[in-house]
Amino acid sequence: MNLKPIIHAVLENYTLPWHDTHGVGHWARVLENGLRLAEATGAKGDVVQLFAILHDCQRVNEGTDFGHGERGAKYAAQLRGTVFDLPDEDFRLLYDACAGHTDGATTADITIHTCWDADRLDLGRVGICPDGNRLCTDAARRLIKWADGRACFGVIPEIVKAEWGIDTRGPTLFGVDDP
């Protein structure tokens, strides 16, 4: 799936600085976590990829932001058919994964589990070590050390620059001042 046009559409309306806690670096780490997990869980890759970008894209602050998952799910519905498309069943999984990702649940479809675990594995970015008991899959429990190390050090995956065209070294994004 080509995520670049989706990223660009999301960032046009993203209200927070793209480089903060819930921004581009987080999305890319969640994407990489999710792709690794999907190999082991059999989750639907397109849903996992879209979740990585959309689950936090409608936040209005970096703190407690009640309802941001549901807002992200509704935004995904607005983008569907314009910058991406999914069959109805897969879109329902994406919608539910985005809407429910902050609820702490551990029971759902394997694709939703994979999405939630991919996000939870990146908690180190805010100083929280992922708790294996709060992860949904054994695959995620096996990735804790790898994913947490990347999150704690704020690793920005190469995909951000190489595929999404975002230069993380400068103060601008796509040649436009970062909000």
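Reading the values: the criteria
- Residues numbered from 1 in each chain as written.
- Predicted model: local features only at pLDDT ≥ 70, side-chain atom pairs only at ≥ 80, totals over all residues.
- Heavy atoms only, no water.
- 1 Å grid on protein atoms, 1.4 Å probe; cavity = no way out; pocket = protein on both sides within 12 Å on 5 of 7 lines; lining within 4 Å.
- Points joined across faces, edges and corners; volume = space filled by probe spheres on them.
- Helix = DSSP H or I, 4+ residues; strand = E, 2+ residues; numbered from the N terminus.
- Axes fitted to C-alpha atoms, helices over the stretch in contact; angles between N-to-C directions.
- Parallel < 35°, antiparallel > 145°, perpendicular 65-115°, else oblique.
- Contact = heavy atoms within 4.5 Å.
- Nonpolar A, V, L, I, M, F, W, Y, C, P; charged D, E, K, R; others polar.
- pLDDT = per-residue confidence, 0-100.
- Expected span 1.5 Å × (residues − 1).
- Buried < 20%, exposed > 50% of the residue type's maximum accessible area, 1.4 Å probe, protein only.
- Salt bridge = Lys/Arg side-chain N within 4 Å of Asp/Glu carboxyl O.

### Digging into the layout of surface pockets
Of the pockets and cavities examined, the largest pocket occupies roughly 680 Å³. If you go around the largest pocket, you meet 28 residues; those closest to its centre are H101, T102, D119, R120 and L123. Of all the elements in the fold, those that place two or more residues in the lining of the largest pocket are α4 (68–79) and α6 (110–120). It is α4 that provides the largest number of residues to the lining of the largest pocket, a total of three residues.

### Re the packing of α4 against helix α5 (residues 88–100)
Contact geometry of α4 with α5 gives a least axis separation of 7 Å together with a crossing angle of 155 degrees. Judged on the interaxial angle alone, α5 and α4 are roughly antiparallel. The residues of α5 that touch α4, namely those facing G69, E70, G72, A73, K74, A76 and A77, are F91, L94, Y95, C98 and A99. Of the residues that constitute the contact of α4 with α5, the class distribution is eight nonpolar, two polar and two charged.

### Thoughts on the environment of A151
On the secondary structure map, A151 appears in helix α7 (residues 138–152). Sequence separation of A151 and T15 is 136 residues, and the distance between their C-alpha atoms is 22 Å. Excluding residues within four positions of it along the chain, A151 makes contact with R29, L121, D122, G124 and R125.

### Points about the confidence of the model for the protein
Per-residue confidence for the protein gives a mean pLDDT of 91; residues scoring 70 or more make up 93%. Taken together, the stretch residues 171–179 has pLDDT below 50 and engages in 19 contacts with residues farther than four places along the chain or on a different chain.

### Let's talk about helix α2 (residues 24–41)
Between its terminal C-alpha atoms α2 stretches 25 Å, which fits the 26 Å expected from 18 residues at 1.5 Å a residue. Among the 18 residues of α2, 13 are classified as buried, and the element is accordingly described as predominantly covered. Phi for G42, located one or two positions after α2, is positive at around 80 degrees.

### As for the pattern of salt bridges
Any two side chains of opposite charge can pair, so long as their charged atoms come close to each other. All chains considered together, the criterion is met by ten salt bridges. Two residues, R80 and D85, come together in a salt bridge whose shortest N-O distance is 3.8 Å. According to the relative accessible area criterion, R80 is partly exposed, its value standing at 25%. On the basis of relative accessible area, D85 is assigned to the exposed category, the value being 54%.

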